[in-house]
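Structural characterization, general
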Amino acid sequence: FAVVAEEVRKLAEESQSAASQISSLIGEIQAETQNVVTVVEEGNQRTADGVATVEQTREAFEAIGTAVADVTDRVSAIATAVHQISAEATRAESDITEVAAVAEQSSASAEEVSASTQQTSASTQEIAASAQELAATVEKLDSVVSRFKLAL
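Residues numbered from 1 in each chain as written. Predicted model: local features only at pLDDT ≥ 70, side-chain atom pairs only at ≥ 80, totals over all residues. Heavy atoms only, no water.

A short note on the overall build of the protein chain
Convention followed: The way it works is that DSSP assigns letters per residue, a run of H or I at least four long becomes a helix, a run of E at least two long becomes a strand, and they are numbered from the N terminus. Only the C-alpha atoms count toward the radius of gyration. The rule for a globule is 2.2 Å times the residue count to the power 0.38. For each residue, the accessible area found with a 1.4 Å probe, counting protein chains only, is set against the maximum for its type, and the residue is called buried under 20%, exposed over 50%, and partly exposed in between. Every accessible area reported is derived by Shrake-Rupley at a probe size of 1.4 Å, with residue values counting cover from the shown protein chains alone. Only four residue types enter the tally: Lys and Arg on the positive side, Asp and Glu on the negative side; His and the chain ends are excluded. For the purpose of locating charges, the reference atoms are NZ of Lys, CZ of Arg, CG of Asp and CD of Glu.
For the protein chain, the helix and strand inventory stands at 1 helix and 0 strands. Over its C-alpha trace the protein chain gives a radius of gyration of 63 Å, far above what one expects of a compact globule, namely 15 Å for 152 residues. Referenced to the eigenvectors of the C-alpha coordinate spread, the extents of the protein chain come out at roughly 220 × 20 × 20 Å. Split into buried and exposed, the 152 residues of the protein chain put 0% on the buried side. Carbon together with sulfur atoms contributes 62% to the accessible area of the protein chain, which is approximately 13,200 Å² in total. On the protein chain, the mean spot of the 9 positive side-chain charges and the mean spot of the 25 negative ones are 13 Å from each other.

Observations regarding a nonpolar patch on the surface
Filter applied, for reference: The patch calculation keeps residues exceeding 30% relative accessible area without a salt bridge and links them within 9 Å when they carry like charges or within 5 Å when they are nonpolar (Val, Leu, Ile, Met, Phe, Trp, Tyr). What makes a salt bridge here is a side-chain nitrogen of Lys or Arg within 4 Å of a carboxyl oxygen of Asp or Glu, nothing more.
Taken together, Phe61, Ile64 and Val68 make up a surface patch of nonpolar side chains, about 310 Å² in accessible area. Mapped onto the elements of the fold, Ile64 is located in helix H1 (residues 2-147). Overall, Ile64 belongs to the partly exposed group, its relative accessible area being 48%.

Some thoughts on the pattern of salt bridges
If the charged atoms of two oppositely charged side chains come close together, the side chains can form a pair. What the rule picks out here adds up to 5 salt bridges. Between Glu6 and Arg9 there is a salt bridge, with its nearest N and O atoms 2.2 Å apart. With a gap of 3 residues between them, Glu6 and Arg9 both fall in helix H1, about one helical turn apart. Classification of Glu6 by relative accessible area gives partly exposed; the value is 30%. Note that Arg58 and Glu55 form a salt bridge whose closest N and O atoms lie 2.1 Å from each other. Taken as a pair, Arg58 and Glu55 lie in helix H1 at a separation of 3 residues, close to a single helical turn.

Focus: the environment of Val51
Take Val51: it is sitting in helix H1. Of the residues examined, Val51 reaches a relative accessible area of 53% and is grouped as exposed. Distance from Val51 to Glu139, taken between C-alpha atoms, is 127 Å for residues 88 residues apart in sequence.

So, in C-alpha cells, the structure goes:
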C-alpha cells in the first residue's frame, strides 16, 4: 500500500507539475492569442486606413480627370477663338489692302486733278495775259482811231 501511495503521490506531483506546465502554456497561449488579436485589430485598422486612402486617391483622380476635361474644353475654346481671330486678322488685312488701293487711286486722282488745276491756272494766266495785250491793243487802236476825224 505504501508503494502505491508513493506512486500516487509521485503521479500527483507529476500531475501537478504537468497541470502547472499546462497552466503556464495556457497563459502563454492566451498572451500570444491576445497579441494575435492586437495584430489583427491593427491589421483591420490599417486595412480601413488603406481603404480610406484608396477612396481619397480615387476621389483625387476623379477631380484630376474633371480638371483635365475642363482644361481640354478651355483649350478647345481658346483654339476656336484663335482661329476666329486669325480669320478676322486675314479679313482685316484684306480690307486694309483694299483701302490702300483705294487711297492710291484717290491719290492718283488727286494728282490728276492738281495737274488739271495747274493747267487750267496756266491757261487762265495765258488768257489774262492775252486779254491785257488785247486791251493794250484796243487802247492803241482807240488812240490811232481818235486821230482820224470824219467829216460829216
